[in-house]
Amino acid sequence: MQQDFRDSPLFRQQLYIAGSWVDAQSGKTLEVEDPATGKVIGTIPNAGAAETRQAIEAAHEAFKSFSRTTAGERAEMLRRLHQLILDNRDELAGILTLEQGKPLAEAKSEISMSAAYVLWFAEEARRVYGEIIPSPWRERRLLATRQPIGVVGAITPWNFPSSMLARKIAPALAAGCTIVCKPATQTPYSGLAWGELCARAGFPPGVVNVITGSAREIGGELTSNPLVRKITFTGSTEVGKVLLGQAAETVKKVSMELGGNAPFIVFDDADIDRAVQGGIDAKFRNTGQTCVCANRFYVQAGVYDTFVTRLSAAVERLRIGAGVEDGVELGPLIDADSVDKVEELLTDAVAKGGRVMTGGQRHPLGGNFFEPTVVADATSSMRFSREEIFGPLAPVFRFETEEEAIQLANDTEYGLACYFYTRDLGRAFRVSEALDYGIVGVNEGLVTTEVAPFGGVKESGMGREGSRHGIEDYLEMKYVCMGGLGFPVA
């Protein structure tokens, strides 16, 4: 019998504002469904601008004292938070799988990654250094200091509902900021659990707030309210552009992790077995629903047929089912619209000459399940050469030369992640420098880690999460010129 994770005290169905659990002022709620079964698993408050304003004001008030805590004090609270996440990993993973659908093993990995980000920024809290600048004046001393920017508004997506918040909450708190979080309404419970965990870790009321409900109203208040000094968003490029325009009205600092169209290049000299495994990792993790998923496979002509055959065989072995079942490697898509989109892209490809090597149908399990699919003979005329798939569909394109591969890979407005496989050291350097992306995996299909900077270029966003650079977006620099120090003037 499967454990019902809705019995967990971490499964919260209210807003977390100023240290209290409250309902929406209207009393209205939204239902949340399990994507594997379509059954309602709970409700959340359908909050709007009024509740968001209340949370912002609570965060602004809390910032007055929290921003004056020492780095050591903040680090200690973050270390407690890290341990709480690890101590409750199974429950948190169960909640995540229940609302998002990914396999339980994958959910546990996401929770572990969330904990890793918290620990990393607990350590980085102590490393926010300033500078003493050589003065052009003998009687003055010049300093540059870094201070927490203020109240942060964080908006996160449904595909990684825990770790996407970890990347924002952890550096914000490490810097001394306070935060108002808006998780996706499809996967709100992982976000609400952060409120409970932060309370247990000892963060004062108002430092962390979690709001659920209308994306338009909550996002509109976060971007327009002058008390919010920074917006951090992970999601689609389309929504990111709207938020950028809204945030410009009050000139907020922004960081954006937006859409992707990741190429996965396999050269003739690649280790094909390694490339196939990397392709499985890069394409089918989270059922293809990641912003860094391989979207376009480009394979050099000399190994094209071999790669397609081996990739198709590996895909056929993937086990599909509800995420709570043992051994499942692919769960459902998040909703019916996502299934429809994958089907539309596949229909378009087949109509234009694409060959389905494996999969190609809605899965016999029904609902939001779709067979993992490989399409050979993909061409640039097919929609998925331009559009982000966000599903278990792997189109394989053919190319002849290194120059052609680079041109095809860069022919997109996106620039988040890319991957390529080669055993030629010179090519590894040439291609990695030529690809116009923020993240490059060379002979690796899984590259995300808390110790390295994560983010894109072009229309894939701005700013970096993780690494020592991840805290910079939550700080602002202040220049101090100190005179009247009593030094003799020559």
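Student: Would you explain the nonpolar core in this entry?
Tutor: One recurring pattern in soluble globular proteins: nonpolar side chains tend to sit buried together. Of all hydrophobic cores here, the largest spans 58 residues; its most connected members are Leu81, Ile85, Trp194 and Phe203. Ile85 has contacts with Leu92, Ile111, Ala115, Val118, Trp194 and Leu197, leaving out every residue within four places of it along the chain.

Student: Just checking my understanding: could you explain the layout of surface pockets for this structure?
Tutor: Gaps left between atoms show up when a probe the size of a water molecule is rolled over them. Of the voids in this model, the largest pocket is the one considered here, and its volume is about 1,200 Å³. Every residue lining the largest pocket is counted, 38 residues in all, and those nearest its centre are Trp158, Phe233, Gly235, Ser236 and Val239. Among the elements that make up the lining of the largest pocket, the one with the highest residue count is helix 8 (residues 237-248) (six residues). When its residues are assigned to classes, the lining of the largest pocket shows 15 nonpolar, 13 polar and ten charged. Lining the second largest pocket are 31 residues; nearest its centre among them are Glu106, Phe160, Asp281, Arg285 and Leu446. At the level of elements, helix 4 (104-124), helix 5 (163-175) and helix 9 (272-284) are the ones that each hand at least two residues to the lining of the second largest pocket. Considering every element that reaches the lining of the second largest pocket, the biggest residue donor is helix 4, with six residues.

Student: Sorry, what's going on with the pattern of salt bridges here?
Tutor: If charged atoms from side chains of opposite charge come close, those side chains can pair. By the definition in use, this model includes 29 salt bridges. A salt bridge links Arg53 to Glu221; the shortest N-O distance between them is 3.2 Å. Of the two residues, Arg53 is situated in helix 1 (residues 49-66) and Glu221 in helix 7 (residues 215-224); the sequence distance between them amounts to 168 residues. Since its relative accessible area comes to 34%, Arg53 is described here as partly exposed. Relative accessible area serves as the criterion here: at 9%, Glu221 is assigned to the buried category. We note a salt bridge from Asp90 to Lys108, for which the minimum N-O separation is 3.8 Å. Separated by 18 residues along the polypeptide, Asp90 in helix 3 (residues 89-100) and Lys108 in helix 4 bring together distant segments of the chain. The class of Asp90 is partly exposed, set by a relative accessible area of 46%. Overall, Lys108 belongs to the partly exposed group, its relative accessible area being 26%.

Student: Would you mind going over helix 13 (residues 425-434) with me for this structure?
Tutor: Residues lying three or four places apart along an α-helix face the same way, a consequence of the helix completing one turn every 3.6 residues. For helix 13, the set of buried residues is Arg427, Ala428 and Val431. When helix 13 is viewed along its axis, its buried side chains cluster within an angular range of 105° and face the same direction. Looking at helix 13, the residues exposed on the side facing more than 90 degrees away from the buried face are Leu425, Phe429 and Glu433. A side-chain oxygen of the first residue of helix 13 lies 2.9 Å from the backbone nitrogen of Gly426; this N-cap is Asp424.

Student: How do you make sense of the sheet that holds strand 18 (residues 439-442) when you look at a structure like this?
Tutor: Strands belonging to one sheet form pairs held by backbone hydrogen bonds; the direction of such a pair is parallel or antiparallel. Sheet architecture is open: seven strands sit in the order 14-15-16-13-12-17-18, paired in mixed fashion. Each edge of the open sheet carries a strand with a single partner, namely strand 14 (355-358) and strand 18. Strand-to-strand twist of the sheet, defined as the mean angle between neighbouring strand axes without regard to direction, takes the value 25°. When strand 15 (residues 373-378) meets strand 16 (residues 393-399), the two strands line up parallel, connected through four bridges. Residue pairing for strand 16: Thr373 is matched across the bridge by Leu393. With respect to the sheet, helix 10 (residues 304-316) is in contact with strand 12 (262-266), strand 13 (294-300), strand 14, strand 15 and strand 16, its orientation differing from that of strand 15 by roughly 165°. Contacts between helix 13 and the sheet are confined to strand 13, strand 17 (417-421) and strand 18, with strand 17 contributing the most and set at about 160° to the helix.

Student: Can you walk me through the side chain of Asn225 in this structure?
Tutor: The topology assignment puts Asn225 in the loop between helix 7 and strand 10 (228-234). Assessed through its relative accessible area of 7%, Asn225 is described here as buried. A polar side-chain atom of Asn225 sits 2.9 Å from a polar atom in the side chain of Glu221. When neighbours within four sequence positions are excluded, Asn225 is seen to be in contact with Arg53, Ile56 and Lys252.

Student: Whenever I open this one, the sheet that holds strand 6 (residues 141-148) confuses me. Can you help?
Tutor: Reading across the sheet, the three strands line up as 5-6-20 and stay open at both edges, with antiparallel pairing between neighbours. Looking along the sheet, the strands with just one partner apiece sit at the ends: strand 5 (131-133) and strand 20 (475-482). Averaged over all pairs of adjacent strands, the angle between strand axes in this sheet comes to 25°, irrespective of strand direction. Of the strand pairs in this sheet, strand 6 and strand 20 are connected by eight bridges, and their pairing is antiparallel. Paired with Leu143 across the two strands is Val480, which belongs to strand 20.

Student: Which parts of the structure should I look at to understand the packing of aromatic side chains?
Tutor: Describing an aromatic ring pair means giving the distance of the ring centres and the angle of the ring planes. Tallied over the full model, the rule gives twelve aromatic pairs. Taken together, a centroid distance of 6.0 Å and an interplanar angle of 40° make the contact between Phe264 and Tyr419 tilted. With Phe264 in strand 12 and Tyr419 in strand 17, this pair connects stretches of sequence that are 155 residues apart. For the pair Phe264 and Tyr419, a shared accessibility class is recorded, and that class is buried.

Student: Is there a simple way to explain a nonpolar patch on the surface in this structure?
Tutor: Residues Ile133, Trp137 and Tyr479 make up a contiguous nonpolar surface patch of roughly 290 Å² in combined accessible area. Mapping Ile133 onto the fold places it in strand 5.

The rules we used
- Residues numbered from 1 in each chain as written.
- Predicted model: local features only at pLDDT ≥ 70, side-chain atom pairs only at ≥ 80, totals over all residues.
- Heavy atoms only, no water.
- Core = buried A, V, L, I, M, F, W, Y, C linked by side-chain atoms within 4.5 Å.
- Buried < 20%, exposed > 50% of the residue type's maximum accessible area, 1.4 Å probe, protein only.
- Contact = heavy atoms within 4.5 Å.
- 1 Å grid on protein atoms, 1.4 Å probe; cavity = no way out; pocket = protein on both sides within 12 Å on 5 of 7 lines; lining within 4 Å.
- Points joined across faces, edges and corners; volume = space filled by probe spheres on them.
- Helix = DSSP H or I, 4+ residues; strand = E, 2+ residues; numbered from the N terminus.
- Nonpolar A, V, L, I, M, F, W, Y, C, P; charged D, E, K, R; others polar.
- Salt bridge = Lys/Arg side-chain N within 4 Å of Asp/Glu carboxyl O.
- Arc of directions from axis to C-beta.
- Polar contact = N/O pair within 3.5 Å; in protein donor to acceptor, adjacent residues only side chain to side chain.
- Pairing = 2+ DSSP bridges.
- Axes fitted to C-alpha atoms, helices over the stretch in contact; angles between N-to-C directions.
- Phe/Tyr/Trp six-rings, centres within 6.5 Å; stacked < 30°, edge-to-face > 60°.
- Patch = residues over 30% accessible without salt bridge, like charges linked within 9 Å, V, L, I, M, F, W, Y side chains within 5 Å.
- Areas by Shrake-Rupley, 256 points an atom, 1.4 Å probe, with all protein chains shown as cover.

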